[in-house]
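# Structural features, examined
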Amino acid sequence: MDNKATVLYEDEKHKYIMFSFDDESHEDSFLSVNQYLIIHDGVAILIDPGSESIFDELYDAVSEFVDIENIKYIFLSHQDPDVSGSIAQWAVTTKAKFIMSGLWVRFMSHYGFSEMSRVMALADHGAKLKFGDSYLKFLPAHFLHSPGNFSLYDTQSRILFSGDIGAAVIGSPEGMKKVENFEEHSEYLEGFHKRYMGSNKLCKAWVHRMRKLDIDMIVPQHGFVFADENVEKFLLWLEELKCGSDFMKELY
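Reading the values: rules and limits
- Residues numbered from 1 in each chain as written.
- Predicted model: local features only at pLDDT ≥ 70, side-chain atom pairs only at ≥ 80, totals over all residues.
- Heavy atoms only, no water.
- Helix = DSSP H or I, 4+ residues; strand = E, 2+ residues; numbered from the N terminus.
- Buried < 20%, exposed > 50% of the residue type's maximum accessible area, 1.4 Å probe, protein only.
- Contact = heavy atoms within 4.5 Å.
- Polar contact = N/O pair within 3.5 Å; in protein donor to acceptor, adjacent residues only side chain to side chain.
- Pairing = 2+ DSSP bridges.
- Axes fitted to C-alpha atoms, helices over the stretch in contact; angles between N-to-C directions.
- Salt bridge = Lys/Arg side-chain N within 4 Å of Asp/Glu carboxyl O.
- Parallel < 35°, antiparallel > 145°, perpendicular 65-115°, else oblique.
- Phe/Tyr/Trp six-rings, centres within 6.5 Å; stacked < 30°, edge-to-face > 60°.
- Lys NZ or Arg CZ within 6 Å of the ring centre and 35° of its normal.
- Disulfide = S-S within 2.5 Å.

Our next topic: the environment of Arg118. By the secondary structure assignment, Arg118 is in the loop between β6 (97–101) and β7 (119–122). Accessibility expressed as a relative area gives 11% for Arg118, which makes it buried. For Arg118 and Ile99, which are 19 residues apart along the polypeptide, the C-alpha to C-alpha distance reads 8.7 Å. Beyond its immediate chain neighbours, meaning those up to four positions away, Arg118 contacts Trp90, Ala91, Thr94, Lys95, Ala96, Lys97 and Phe98. Here the side chain of Arg118 touches Thr94 through a polar contact of 2.9 Å, landing on its backbone oxygen. For Arg118, the side chain forms a polar contact with the main-chain oxygen of Ala96, separated by 3.0 Å.

This brings us to the sheet that holds strand β8 (residues 127–131). Whenever strands of a sheet pair, they do so through backbone hydrogen bonds, lying parallel or antiparallel. Taken in spatial order, the six strands of this open sheet run β8-β9-β10-β11-β12-β13, and their pairing is mixed. The open sheet terminates on both sides in strands that have one partner only, identified here as β8 and β13 (226–227). Pairing analysis gives four bridges linking strand β11 (residues 159–163) to strand β12 (residues 217–220), with the strands arranged parallel. Residue pairing across strands places Leu160 opposite Ile218, the latter belonging to β12. In the packing of helix α5 (residues 200–210) onto the sheet, contacts are made with β9 (134–140), β10 (150–154) and β11, and the angle to β9 comes to roughly 165°.

The final tally for this structure, using the stated rule, is 10 salt bridges. The shortest N-O distance in the salt bridge between Glu10 and Lys15 comes to 3.4 Å. Given the relative accessible area of 22%, Lys15 is considered partly exposed. Notably, a salt bridge pairs Arg211 with Glu239, separated by 3.1 Å at the nearest N-O pair. With Arg211 in the loop between α5 and β12 and Glu239 in helix α6 (residues 229–240), this residue pair connects regions lying 28 residues apart in the sequence. With relative accessibility at 34%, the residue Arg211 sits in the partly exposed group.

In the contact formed by α5 and α6, the axes pass within 7 Å of each other and the chain directions differ by 150°. With respect to their mutual orientation, α5 and α6 come out roughly antiparallel. Counting all contacts with α5, which are made through Asn200, Cys203, Lys204, Trp206 and Val207, the residues of α6 involved are Phe234, Leu235, Leu238, Glu239 and Glu240.

Going through the model one piece at a time under the given rule, you end up with 16 aromatic pairs. With centroids separated by 5.0 Å and ring planes inclined at 80°, the aromatic side chains of Trp104 and Phe107 adopt a geometry described as edge-to-face. On the accessibility criterion, Trp104 (8% relative accessible area) is buried. Three or more aromatic residues joined by ring pairs form one cluster here, namely Tyr16, Tyr36, Phe75, Phe138 and Phe161. Here the guanidinium or amino end of Lys128 rests over the ring plane of Tyr135, the centre of that ring lying 4.4 Å away. Its guanidinium or amino end placed over the ring of Tyr135, Lys130 lies 5.2 Å from that ring's centre, counting from NZ or CZ.

Okay, the environment of Phe234 next. With respect to the helices and strands, Phe234 occurs in helix α6. According to the relative accessible area criterion, Phe234 is buried, its value standing at 0%. Taking the C-alpha atoms as reference points, Phe234 and Leu189, 45 residues apart in sequence, are found 9.8 Å from one another. Filtering out sequence-adjacent residues up to four positions away, Phe234 remains in contact with Ile165, Gly166, Phe182, Leu189, His193, Trp206, Ile218 and Phe226.

This next bit is on the sheet that holds strand β4 (residues 43–47). One open sheet accounts for seven strands, arranged β1-β2-β3-β4-β5-β6-β7; its pairing is mixed. The open sheet has two free edges, formed respectively by β1 (5–10) and β7, since each of these has just one partner strand. Adjacent strand axes in the sheet meet at a mean angle of 20° when their direction is disregarded. In the sheet, strand β2 (residues 14–20) pairs with strand β3 (residues 34–40) via seven bridges, with the strands oriented antiparallel. Pairing of Ser20 across the sheet is with Asn34, part of β3. The strands that helix α1 (residues 55–63) touches are β2, β3, β4 and β5 (71–75); relative to β2, the one it contacts most, it runs at about 155°.

Turning our attention to the state of the cysteines. In total, this model carries zero disulfides according to the counting rule given. Free of any disulfide, Cys203 has its nearest neighbouring cysteine sulfur in Cys243, separated by 3.8 Å. Residue Cys203 is classed as buried on the basis of its relative accessible area of 0%. Judged by its relative accessible area of 0%, Cys243 falls in the buried class.

This is the structure in structure tokens:
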């Protein structure tokens, strides 16, 4: 497996890196999987590190940017195995605190994790965490798609990690891939979002909150990143999307 790492943002103190490691044990996998690392003054937070099957490759890739012992936090946006499945391995190899929705803390034992004293459980309204000279904002994204779900905004880089919001059913990017033509890219978004997102009302609420932020880039857990004018194009698209319970009559 190649080391697919791209620096999305960098200044004298702060760096935001994107990785794209897929679980190749599943031949029918149709979603590329992205992982992210934010470093400030040599201290790091790892975002959605993924399944156990990619642990070794991601560990090696992350160690090229930061000493593993300097990973202070590991953020799990929700409970899915492609997000949280390697929690036990990262618990053994780091001293990091694990940040996640309080809803999922008791579920982590199913992934072999039992050190609950290392968990920072997020209340439903989220949290704001001082991170060097900047802040990390954990923002509610519940039912999009998980009932206990958070986005993460980095105030220094102005990058919004959106998790499964913005996910595209598309192959793994070679390095970082930005959306070039949103209208063409939207066909890779539509099926996933219609099925997995909770409702248009929930999408509108999330978009309304995100528009209060100064966003330079939206980076999802799957697929390509949105930058420049495509940030607003994606928000407009999501704001109007009919999804989930909007299709109750068709489903039942």
